[in-house]
Each structure stands twice: as structure tokens, then as C-alpha cells.
Amino acid sequence: MLKVNGNGLLIVVSGPSGAGKDTICKNLVDITDNTWISISMTSRSPRNGEVEGKDYFFVTREEFEEKIEEEKFLEYAMYNNNYYGTPKDKIEDYLNSGIDVILVIDIQGAINIKKLIPSALFIFIMPPDMKTLKQRLIGRKTETKEKVIERFQTAYNEINHLKKYNYVVVNDEVDNAVSKVQAIIKAEKCRVDRIEEIHLDNKEEIIHEILMDNDFNNDEMRI
Ligand code: ADP
Ligand code: 5GP
């Protein structure tokens, strides 16, 4: 009856470093069909345990700049002195084949995507409070003290942009936050602006069927 736009949703997820964006998105794709997390390219060094092609495509600054020249990115930004970018290839194919694509990117990237693709869904992940953010960033054991401070300073600036997003999810418990993100995506798919056509059966035909219904007994009606 309703023909709805069957393209996948482009979902942009941002939030301060350590808020839990990766944790939430990875948990979400584990329990959700037809959802893919885009793998970014970066000039930062891999952390312990990070896998090339799974967490990021790791390149040198020069290689990254070559890709910029070749227009290989949908968007890119400099975050704490390193390049990060979303490779263009694959995204359009996934979206056209009905697969939702998640971009876990910073605020500058989100602002650029908003200009390019205004229909994308923008979700901001917040920590329950800033002391918890500090504990999570330190607890992850991926950053030096200087880098933690740098990221913490960036975090305060990032939170100023919160209202540019459509939704905010406070990451208190992972399962709770994941189910909120899932609910937001479900709701987004029910938006009336995704409807392309409305096809209704002929009204006169249905009224005629009611009139001709010999089993219909008005006497059974009770008030
Ligand atoms: P981000 O991708 O936003 O930088 P991560 O997903 O890497 O953040 O999470 C930062 C750290 O906090 C990780 O060590 C992760 O395991 C932990 N973490 C994430 N969400 C929660 C949560 N709800 N409760 C406790 N720890 C969490
Ligand atoms: P991290 O070094 O913690 O992996 O990422 C640092 C920041 O860069 C995070 O806010 C992360 O979301 C963001 N980021 C990761 N990939 C991209 C990308 O492709 N584009 C942009 N603009 N930001 C990205």
C-alpha cells in the first residue's frame, strides 16, 4: 500500500573521544541486519590491537594528501593534528542496495556530510558526565597523558556543537545506549518523507462490497 524509499540510511555518529561511539556502533551492527560501518582512512599511527582494513586504513600523511588530490574522500578533516577521511567508494553502492551505512566521524566531518547529504541521520553520543569520560579515556589505555588532555580539551569544544545533531544518546550502559540508537533508526525509517507513493484500493469498490454484504446484520449492533 505504501511504497517507501528502500535506500539505506546514512547515519552519522559523533561525540567526544571516549564517549563510546565505537563500542555502541560495533554492538549495534552485531545485532542488526543490513548495517555496515564505513572504515575510515587516517594518518594517525595504529594503536595496540588495531587492525589494518578493519579499524582503519592507516596511511602516511603524504599518502593521505595524495588521496585528497585524487578526490577519494566523501569528507575528511584534521583531528588533533592527524588526517581522518571517509573513502567515497562503496558507500553509494551500499545505500542503493538498502544497506544502512554508519560513519563514525568528528564534528567537522559531520558538518560537511550535512551539506552534501542533508537527509542523513545525525546522532551525538554523550558520556553520562565528564569525570566518567575521563575515566573511560584513561581506562582504554590507548593514549598518552598528553593525548588524553588534548582529546579532553577537544571534547569540551565538540559538545558545543551538540545541537547541530538530530538526536543525542547518553551512553550510561552500553545495552541501553545501543537500544536507543536502534530505536532512533527504526523511527527514522517511519518518517513520512520516506514515502514515495501511496496506493489505496478503490473506495467505491469497497463501499459497494459493504452494501452487497448479505451477512451484515444491523440487528447485531450494540451501543
Ligand atoms: P569512542 O569510540 O567514542 O572514542 P570507545 O568506544 O573506544 O569510545 O569507548 C571508550 C572506552 O570506554 C572503551 O574502553 C570502552 O570499552 C569503554 N566504554 C564504552 N561504553 C561504556 C559504557 N557504557 N560503560 C563503561 N565503559 C564503556
Ligand atoms: P580516533 O583517533 O579516536 O580513532 O578518532 C578521533 C576522531 O576522529 C573521532 O572523533 C572519530 O570519530 C573521528 N574520525 C574517525 N574517522 C573519521 C573520518 O573518516 N572523518 C572524520 N571527519 N572524522 C573521523
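Participant: What's the story with the sheet that holds strand β4 (residues 41-42) in this structure? I'm lost.
Facilitator: Across a sheet, paired strands are connected by hydrogen bonds in the backbone, their directions being either parallel or antiparallel. Strand order in this open sheet of four strands is β5-β4-β7-β6, and the pairing throughout is mixed. The open sheet has two edge strands with one neighbour each: β5 (57-58) and β6 (73-79). Here β4 runs beside β5; their pairing, made up of two bridges, is parallel. Directly across from Met41, in β5, lies its bridge partner Phe57. Sheet strands touched by helix α2 (residues 61-69): β4, β6 and β7 (82-87). Its angle to β7, the strand with the most contacts, is close to 40 degrees.

Participant: How should the packing of aromatic side chains be read in this particular structure?
Facilitator: Working definition: an aromatic ring pair is given by the centre-to-centre distance plus the angle between the planes. Applying the stated criterion across every chain yields a total of twelve aromatic pairs. Ring plane angle 65 degrees and centroid distance 6.3 Å describe the contact between Phe64 and Tyr76, whose orientation is recorded as edge-to-face. Residue Phe64 is found in helix α2, and its partner Tyr76 is found in strand β6; the two are separated by twelve residues along the sequence. On the accessibility criterion, Phe64 (0% relative accessible area) is buried. We classify Tyr76 as partly exposed; its relative accessible area is 37%. Centre to centre, the rings of Phe64 and Tyr83 are 4.7 Å apart; their planes meet at 5 degrees, and the pair counts as stacked. With Phe64 in helix α2 and Tyr83 in strand β7, the pair connects residues that are 19 residues apart, well separated along the chain. You'll find Phe64 and Tyr83 in the same group, each marked buried. Through pairs of rings, three or more aromatic residues link up here, namely Tyr56, Phe58, Tyr79 and Tyr84.

Participant: How should the site of ligand 2 be read in this particular structure?
Facilitator: Near ligand 2 you find 16 residues, and of these Ser40, Arg44, Tyr56, Tyr84 and Arg151 are the closest. Contact distances for ligand 2 include 2.6 Å between an oxygen atom and a side-chain N or O atom of Arg151. For ligand 2, whose free accessible area comes to 510 Å², the fraction covered by protein is 96%. If you list the elements that add at least two residues to the shell around ligand 2, you get β6 and β7.

Participant: Sorry if this is basic, but what is going on with the site of ligand 1 here?
Facilitator: In the neighbourhood of ligand 1, 14 residues make up the surrounding shell, with Gly18, Lys21, Thr23, Arg140 and Asn171 lying closest. In the environment of ligand 1, an oxygen atom lies 2.8 Å from a nitrogen or oxygen atom belonging to the side chain of Arg140. One of the side-chain N or O atoms of Asn171 is found 2.9 Å from a nitrogen atom in ligand 1. Contact with the protein chains hides 74% of the accessible area of ligand 1, taken as 560 Å² for the molecule alone. Applying the majority rule of atoms within 2 Å of the grid points places ligand 1 in the largest pocket. With three residues, the single largest contributor to the shell around ligand 1 is helix α1 (residues 21-31).

Participant: Please clarify how unusual backbone geometry should be interpreted in this entry.
Facilitator: Negative phi is the rule for most residues except glycine; trans is the rule for most peptide bonds. Phi is positive for Asn80, close to 45 degrees, though the residue is something other than glycine. On the basis of relative accessibility, which here comes to 19%, the residue Asn80 falls in the buried class. Of note, Lys90 is a non-glycine position whose phi angle comes to about 80 degrees, a positive value. Along the chain, Lys90 falls in the loop between β7 and α3 (91-96). The partly exposed category is assigned to Lys90, whose relative accessible area is 44%.

Participant: Would you take a moment to explain the layout of surface pockets for this structure?
Facilitator: Leftover empty space is mapped by rolling, across the atoms, a probe with the size of a water molecule. Approximately 990 Å³ is the volume attributed to the largest pocket. Counting residues per element, the ones that place at least two in the lining of the largest pocket are α1, β3 (35-37), β6, β7, α5 (130-139) and α6 (145-159). For the lining of the largest pocket, the element with the most residues is α1, which contributes four residues. By residue class, the composition of the lining of the largest pocket is twelve nonpolar, 15 polar and 15 charged. There is about 540 Å³ of room inside the second largest pocket. What lines the second largest pocket is a set of 23 residues, and nearest its centre among them are Gly8, Leu10, Ile117, Ser119 and Ala120. Considering each element in turn, the lining of the second largest pocket owes the most residues, four residues, to α3. Considered class by class, the residues forming the lining of the second largest pocket number ten nonpolar, six polar and seven charged.

Cut-off values and rules
Residues numbered from 1 in each chain as written. Chains lettered and ligands numbered in written order. Predicted model: local features only at pLDDT ≥ 70, side-chain atom pairs only at ≥ 80, totals over all residues. Heavy atoms only, no water. Pairing = 2+ DSSP bridges. Helix = DSSP H or I, 4+ residues; strand = E, 2+ residues; numbered from the N terminus. Contact = heavy atoms within 4.5 Å. Axes fitted to C-alpha atoms, helices over the stretch in contact; angles between N-to-C directions. Phe/Tyr/Trp six-rings, centres within 6.5 Å; stacked < 30°, edge-to-face > 60°. Buried < 20%, exposed > 50% of the residue type's maximum accessible area, 1.4 Å probe, protein only. Near = heavy atom within 4 Å. Polar contact = N/O pair within 3.5 Å; in protein donor to acceptor, adjacent residues only side chain to side chain. Areas by Shrake-Rupley, 256 points an atom, 1.4 Å probe, with all protein chains shown as cover. 1 Å grid on protein atoms, 1.4 Å probe; cavity = no way out; pocket = protein on both sides within 12 Å on 5 of 7 lines; lining within 4 Å. Sits in = over half its atoms within 2 Å of the grid points. Points joined across faces, edges and corners; volume = space filled by probe spheres on them. Nonpolar A, V, L, I, M, F, W, Y, C, P; charged D, E, K, R; others polar.

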